[in-house]
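Coordinates in review
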Amino acid sequence: MEPAAHAQLFPILLLLLASLRPITAQEYDIDIYSLTVDSKVTSRFAHTTITSRVVNKAEEAREAIFQVELPKTAFITNFSMVIDGVTYPGEIKEKAAAQEKYSSAVAQGQSAGIIKATGRSLEQFQVSVNVAPAAKVTFELVYEELLKRQLGKYELMLKVRPQQLVKHLQIDIHIFEPQGISSLETESTFMTNDLADALTTTQNKTKAHIVFKPSLSQQQKEPGKEDTAVDGNFIVRYDVDRVTDAGDIQIENGYFVHHFAPAELPTLTKNVVFVIDKSGSMFGRKITQTREALVKILDDLTPKDQFNLVIFSGSVTQWKPSLLQASAEHVEKAKKFARNIQANGNTNINEAVLVAVKMLDESNRREQLPEESVSLVILLTDGDPTTGEQDPKKIQKNVRGAIGGRYYLYCLGFGFDVNYAFLEKLALENGGVARRIYEDSDADLQLQDFYQEVANPLLTKVEFQYPDNSVELLTQDNFLVFFRGSELVVAGKLKPQVEDLLSVKVKGQSSTQNFTFQTEVNVEDKEKVFQSPKYIFHNFMERLWAYLTIQQLLEKAVSASAEEKKSLEARALGLSLNFSFVTPLTSMVVTKPEGQDQAQVASKPVEADNYRLSSLALSLSNTQTSKVARRKHSKSSAGSHRMQGLKKSIVDAEIEASEIKTKSSIRSRSGLTRNNYKMEEVDISVPSPPAPVEGEPHFIFSVSELSGNSNQRAMCMDVKESSQTPLMLISYPIQGIEVTGKYEERMDKFVWLQVSYKTPEVKVRVTQDSIVVTRGRGGKSSSYQWQQTLHLVMSGLKLTLENGVLLLSAPDKVTIALVSLNHPTPRLQLIMQVPVDFSLEASGVLGQLYWDLLLDSANVRTEDTWELNVRGKNYTVTRNFRGNSQRSRGTSSLPTFLCYIYAWSSP
């Protein structure tokens, strides 16, 4: 965080930071002395090179393992090893041509593939080689991907996991977007305050450069230890400016790409039927998460939308006989119904989907579906059909015949028990897509995020038109529907006789009219844009065209007839070999020096294979290096927190440390209540023994800012307000900040707290178990656990999570810390520091105190009695001693603190 924010940290806040015991370092024989990641992103197309240099420090041969996790959407384009000056390249071949070596590896019991799926968005590339004593090896892997715009953002993810300290560790990301970069954020799941100093970001109108270069000491979890803190995801999210609704055309070396994402369009009305599997296999967390997601999704329906629910197991249940308007009354009733869904029975997918389609047909027959509206069926299931029609091919035929191209079917496969290939074909044949929902703690967010992707249709029947004499080899140029937050991309080749000006039309239908967007670009001027080699790589736009073409050919092949599928795959194979892409149709043979193990074969997994591949373990040699690496990873995961201790004060940064003489940070409690709000004051240093204490206060904030007094104190406050609706705790329109929370009187605690920012548009909601960050209305949601580390930097806002404390800070804005406590009782706590010029416009349960309360330290009756003025009324405050202790989630036990209690009564 910024130095100014550092200077404002509460001593109370920082004493919440703690750690596990120190970890004994392990000696490595194979030393990674250099690891670099260089990623160039140009017009959303990313070219990433990972280079690892290792040396064998042992007196005998050792096995060096190169392991990288890369995005599933990426295609590997090159891999090579350099050993003793000799280069051993990977060779990309058709899978059939690589079958002999593949079979040989299998026959010898070795790993038959060196790429496997490792999660919802990553797959793992791994290769090993024996290294002679004192010898050095250089590994280099190159992959490319087209960044897809989802929920208004492009996302570049890099997995950084060296598993040891690295002398030269560096990540370089260059982004070049000629349209202009409108927003940029970085996120890391391993970044500590020390590591954050090694991260720099520079940005101008069209370019951004992000560098992460930590020293050895910054990488260390513990001073003097060998364990590395660098282990997790490094993510960059951004969006671009859009000057014209017709989109932006970019040209390089005879190829062009057209990005289309108009923003200021009215949302089309939706007719949506949710088809929810409640079979017995959904029992437990699956059905709970589905209910939670469905309730939130229903809240996002607009009054113009129509909807219904179909719940199925062995039988099918309709919530209502026909579609209903999404009025507040209907939505509340649907939410009540959704909350009571219970899991049991078999799985009758065929009948459930046909009932949903029949429901849309009936509304259409009655002319109840508005013109130019979009009709969707969203199917969620976690298993294969087990009753009714069970043949996947017959189900596909039945559904295809019933829908007849009039509606869109989206299929969500929950977990790995589903026949994903069946769901994918079912969706693609009916204008939708399939998506796997992973059985993680944030499955409900995955469901919500998917819904948000299709929640706001803007255009249907979108058609791109280019002059016939100007372009050729076009990728897909007709699209059924365009959703807000996404982007349509068309690429192609310019014909030799193309004129100086390239004109384009994009046609589409909205809720009110037929649109025709037009633009014209100068070919020569556009080609001049990509002259700098610093931000691009050779023939990047031709490679972008090939990448997009291969992806679309493979997608078409899923739902094609046998003969057509053969033709589509043949074209995709030709492009894969010509551009050296490892795709589902090609394999890369990784050769090794003579005398070593058989060559390994890299075959790209597909989503349908995830269950099988995720259950396979790569056969690693049982060498000392492998053992140490496993021990190292185990200990690295264990020591995720460090003792931070008392560092800085958030109350008064101007007070010299010599004047503070703080022995400990103090909290206090009061037993008196006024207007359901219980207030206490905290002093900083008391030379008195501790005594027993009640639980932690809900809120802590600076008394010096409230009262204008420069003495170092903090005000603690409990809220005892019984309410069925969330409480507005702070509303500060000038800074665009709101803090809300849900208080449960029975448990005497807040079950959630939420901080909302207007600029950037972000919501941060915390519960005892998790943290959810949502970007904008209908934007991407990310879930984190309290025991994680997080460093998220947006324009005008920084979020840091370390040792169970989430800190939200921004220049000249309120600094807010959120903490999940679990001792003496589990509860949430909010700690706040405001700038000196906090406005009188602040309102809410807490906000009103900034213009409503005065602590009169000048009018001291005795050493232990003060005057407190609240809403113009004077109260006598009596000071007493009380001890305090607490434990932040994921931290070790903290000492007992001494505190003053101010018990107040009417004068």
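Residues numbered from 1 in each chain as written. Predicted model: local features only at pLDDT ≥ 70, side-chain atom pairs only at ≥ 80, totals over all residues. Heavy atoms only, no water.

Considering the overall build of the protein
Within the protein, the secondary structure is distributed over 18 helices and 50 strands. Among the 907 residues that make up the protein, the fraction classed as buried is 57%. Residue pairs in contact within the protein that sit at least 24 positions apart in sequence constitute 70% of those at least 6 positions apart. Accessible area of the protein: about 37,300 Å², with a carbon and sulfur share of 47%. (Helix = DSSP H or I, 4+ residues; strand = E, 2+ residues; numbered from the N terminus. Buried < 20%, exposed > 50% of the residue type's maximum accessible area, 1.4 Å probe, protein only. Contact = heavy atoms within 4.5 Å. Areas by Shrake-Rupley, 256 points an atom, 1.4 Å probe, with all protein chains shown as cover.)

Some details on the packing of helix 13 (residues 540-558) against helix 14 (residues 562-578)
At a closest axis distance of 9 Å, the pairing of helix 13 and helix 14 adopts a crossing angle of 155°. The pairing of helix 13 with helix 14 is recorded here as roughly antiparallel in orientation. Both helix 13 and helix 14 take part in a crossing whose hand is left-handed. Residue-level inspection shows Trp-545, Thr-549, Ile-550, Leu-553, Leu-554, Lys-556 and Ala-557 of helix 13 in contact with helix 14, the latter providing Lys-565, Leu-568, Glu-569, Arg-571, Ala-572, Leu-575 and Ser-576. (Axes fitted to C-alpha atoms, helices over the stretch in contact; angles between N-to-C directions. Parallel < 35°, antiparallel > 145°, perpendicular 65-115°, else oblique. Left-handed = near helix turned anticlockwise from the far one by under 90°.)

Focus: the nonpolar core
A general feature of soluble globular proteins is that nonpolar side chains tend to end up buried together. Counting residues in hydrophobic clusters, the biggest one holds 61 residues, and the most contacted among them are Phe-79, Phe-125, Phe-139 and Phe-234. Top contributing element to this core by residue count: strand 1 (residues 30-42), with 5 residues. Ranked by size, the runner-up nonpolar core spans 40 residues in total, among them Ala-343, Leu-376, Leu-380 and Val-481. (Core = buried A, V, L, I, M, F, W, Y, C linked by side-chain atoms within 4.5 Å.)

So, the packing of helix 9 (residues 392-403) against helix 10 (residues 420-428)
In the contact formed by helix 9 and helix 10, the axes pass within 10 Å of each other and the chain directions differ by 15°. Here helix 9 is positioned roughly parallel relative to helix 10, judged by the angle of their axes. Relative to helix 10, helix 9 is oriented so that their crossing is right-handed. Contacts between helix 9 and helix 10 involve Pro-392, Ile-395, Gln-396 and Val-399 on the former and, on the latter, Phe-422, Lys-425 and Leu-426. Classifying every residue of the contact of helix 9 with helix 10 gives 5 nonpolar, 1 polar and 1 charged. (Nonpolar A, V, L, I, M, F, W, Y, C, P; charged D, E, K, R; others polar.)

Notes on the pattern of salt bridges
In total, this model carries 30 salt bridges according to the counting rule given. Across the pair Glu-155 and Arg-237 runs a salt bridge, and its minimum N-O distance is 2.8 Å. Here Arg-237 lies in strand 14 (residues 232-240) and Glu-155 lies in strand 9 (residues 154-160), a separation of 82 residues in the sequence. For Glu-155, a relative accessible area of 27% corresponds to the partly exposed category. With a relative accessible area of 3%, Arg-237 lands in the buried category. The shortest N-O distance in the salt bridge between Lys-742 and Glu-744 comes to 3.8 Å. Taking relative accessible area as the criterion, Glu-744 reaches 27% and is therefore assigned partly exposed. (Salt bridge = Lys/Arg side-chain N within 4 Å of Asp/Glu carboxyl O.)

Considering the sheet that holds strand 35 (residues 727-732)
A sheet is described by the order of its strands in space; here 6 strands give the open sequence 35-36-37-38-39-40, paired in antiparallel fashion. Every interior strand has two partners, whereas the edge strands, strand 35 and strand 40 (781-785), have only one. With direction set aside, neighbouring strand axes in the sheet form an average angle of 15°. As paired elements, strand 37 (residues 749-757) and strand 38 (residues 762-766) share 5 bridges and run antiparallel to each other. Residue pairing in the sheet places Ser-756 in a bridge with Lys-763 of strand 38. (Pairing = 2+ DSSP bridges.)

Quick look at the packing of aromatic side chains
A complete count under the given rule lists 30 aromatic pairs for this structure. Geometrically, the ring pair formed by Phe-537 and Phe-540 is edge-to-face, given 6.1 Å between the ring centres and 70° between the ring planes. Grouping residues by exposure puts Phe-537 and Phe-540 together as buried. A network of ring pairs unites the aromatic residues Phe-45, Phe-75, Phe-176, Tyr-255, Phe-530, Phe-537, Phe-540, Trp-545, Tyr-547, Phe-579 and Phe-581 as a single cluster. Just above the ring of Phe-176 sits the side chain of Lys-207; from NZ or CZ to the centre is 5.5 Å. The ring of Trp-752 has Arg-765 lying over it, and the distance from NZ or CZ to the ring centre is 3.7 Å. (Phe/Tyr/Trp six-rings, centres within 6.5 Å; stacked < 30°, edge-to-face > 60°. Lys NZ or Arg CZ within 6 Å of the ring centre and 35° of its normal.)

Considerations on a negative patch on the surface
Residues Glu-499, Asp-500, Glu-524 and Asp-525 make up a contiguous surface patch of negative charge. Within the secondary structure, Glu-524 is located in helix 12 (residues 523-528). On the basis of relative accessible area, Glu-524 is assigned to the exposed category, the value being 52%. (Patch = residues over 30% accessible without salt bridge, like charges linked within 9 Å, V, L, I, M, F, W, Y side chains within 5 Å. Lys, Arg positive; Asp, Glu negative; His and termini not counted. Charge placed at Lys NZ, Arg CZ, Asp CG, Glu CD.)

Some points on the confidence of the model for the protein
Confidence along the protein averages 79 in pLDDT terms, with 75% of residues attaining 70 or more. When the criterion is pLDDT under 50, residues 703-712 qualifies, and its contacts beyond four places in sequence or with other chains add up to 33 contacts. Ignoring residues within four places in sequence, the model shows residues 880-907, a span with pLDDT below 50, making 126 contacts including any to other chains. (pLDDT = per-residue confidence, 0-100.)

Looking at the environment of Asp-477
Here Asp-477 is to be found in the loop between strand 25 (471-472) and strand 26 (478-483). In this view, Asp-477 contacts Val-462, Glu-463, Phe-464 and Val-490; residues no more than four positions away in its chain are not counted. Here Asn-478 takes part through its side chain, which lies 2.9 Å from a polar atom of the side chain of Asp-477. (Polar contact = N/O pair within 3.5 Å; in protein donor to acceptor, adjacent residues only side chain to side chain.)

Observations regarding the side chain of Thr-48
As for its position among the elements, Thr-48 is in strand 2 (residues 45-56). Among the polar contacts listed, one links the side chain of Thr-48 to the side chain of Ser-39, at a separation of 2.9 Å. When neighbours within four sequence positions are excluded, Thr-48 is seen to be in contact with Val-37, Asp-38, Ser-39, Leu-141, Val-142, Tyr-143 and Leu-158.

Some words on the pairing of strand 38
Taking every second residue as pointing to the same face, the buried face of strand 38 carries Val-762, Val-764 and Val-766, while none of Lys-763 and Arg-765 on the other face is buried. Hairpin remark: strand 37 followed by strand 38, antiparallel, with 4 residues in the connecting loop. Looking at chain direction, strand 38 and strand 39 (residues 770-775) are connected through 5 bridges and run antiparallel. Paired with Val-762 across the two strands is Arg-775, which belongs to strand 39. In sequence, strand 38 turns back onto strand 39 through a hairpin of 3 residues.

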